[in-house]
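Each chain is listed here by its residues.
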Amino acid sequence: MTVDRELDVVGKACPIPLITVAKEVRTMRKGQLLRITGNDPSFETTILDFCREGGHNVQETSRDGKKVSITFKV
């Protein structure tokens, strides 16, 4: 899947990943795809809640060990 932007917040504890993704989304156009990768224990739940609350459509979630990548449409 080709994405418009990617963020890597591996090693950063929440709420930093949430703040980072919120800032990035504000700079993007509707319909663009953003992939964010993190490994904080609450990362996946926090980002999925952000998407649900913001009306962003999650396209893909994948895991590689403790890292989780979430791709969603802005």
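Residues numbered from 1 in each chain as written. Predicted model: local features only at pLDDT ≥ 70, side-chain atom pairs only at ≥ 80, totals over all residues. Heavy atoms only, no water.

> Which parts of the structure should I look at to understand the overall build of the chain?
Along the chain, the regular secondary structure elements total two helices and four strands. Going from the N terminus to the C terminus, the chain shows its helices and strands as β-α-β-α-β-β. Along the first, second and third principal axes, the C-alpha set of the chain runs to 30 × 25 × 20 Å. A total of 74 residues make up the chain; the buried ones form 41% of that total. The contacts of the chain with a sequence gap of at least 6 include a subset with a gap of at least 24, amounting to 65%. (Helix = DSSP H or I, 4+ residues; strand = E, 2+ residues; numbered from the N terminus. Buried < 20%, exposed > 50% of the residue type's maximum accessible area, 1.4 Å probe, protein only. Contact = heavy atoms within 4.5 Å.)

> Help me understand the pattern of salt bridges, please; the structure alone is not making it clear to me.
Pairing is possible between side chains of opposite charge, provided their charged atoms come close. Scanning all chains against the criterion turns up four salt bridges. Taking the shortest distance from any N to any O, the salt bridge between Arg 35 and Glu 6 comes out at 3.8 Å. On the criterion of sequence distance, the pair formed by Arg 35 in strand S2 (residues 33-38) and Glu 6 in strand S1 (residues 5-8) is long-range, its members being 29 residues apart. (Salt bridge = Lys/Arg side-chain N within 4 Å of Asp/Glu carboxyl O.)

> Is there a simple way to explain the pairing of S1 in this structure?
Remember that side chains alternate between the two faces of the sheet whenever the strand is regular. Where S1 and S2 come together, four bridges link them in parallel fashion. Within S2, the residue paired with Arg 5 across the bridge is Leu 34. In this region the chain leaves S1, passes through helix H1 (residues 16-26) and returns to the parallel neighbour S2; the handedness of that crossover is right-handed. (Pairing = 2+ DSSP bridges. Right-handed = clockwise from strand over helix to strand, strands pointing away.)

> How should I be thinking about the state of the cysteines in this particular structure?
By the definition in use, this model includes zero disulfides. In this structure Cys 14 is not part of a disulfide, and its nearest cysteine sulfur, from Cys 51, lies 13 Å away. (Disulfide = S-S within 2.5 Å.)

> What am I meant to see in the packing of H1 against helix H2 (residues 43-54) here?
When two helices pack together, their arrangement is given by the angle between the helix axes and the distance between those axes. Across the interface, H1 lies against H2 with an axial gap of 10 Å and an inter-helix angle of 30°. Regarding the angle of H1 to H2, the classification is roughly parallel. Between H1 and H2 lies a crossing whose hand is right-handed. In this structure, H1 contributes Pro 17, Leu 18, Val 21, Ala 22 and Val 25 to the contact, and H2 contributes Phe 43, Thr 46, Ile 47 and Phe 50. Residue classes in the contact of H1 with H2 are distributed as eight nonpolar, one polar and no charged. (Axes fitted to C-alpha atoms, helices over the stretch in contact; angles between N-to-C directions. Parallel < 35°, antiparallel > 145°, perpendicular 65-115°, else oblique. Left-handed = near helix turned anticlockwise from the far one by under 90°. Nonpolar A, V, L, I, M, F, W, Y, C, P; charged D, E, K, R; others polar.)

So, to be careful, I would describe these as geometric facts and stop short of saying anything about function.
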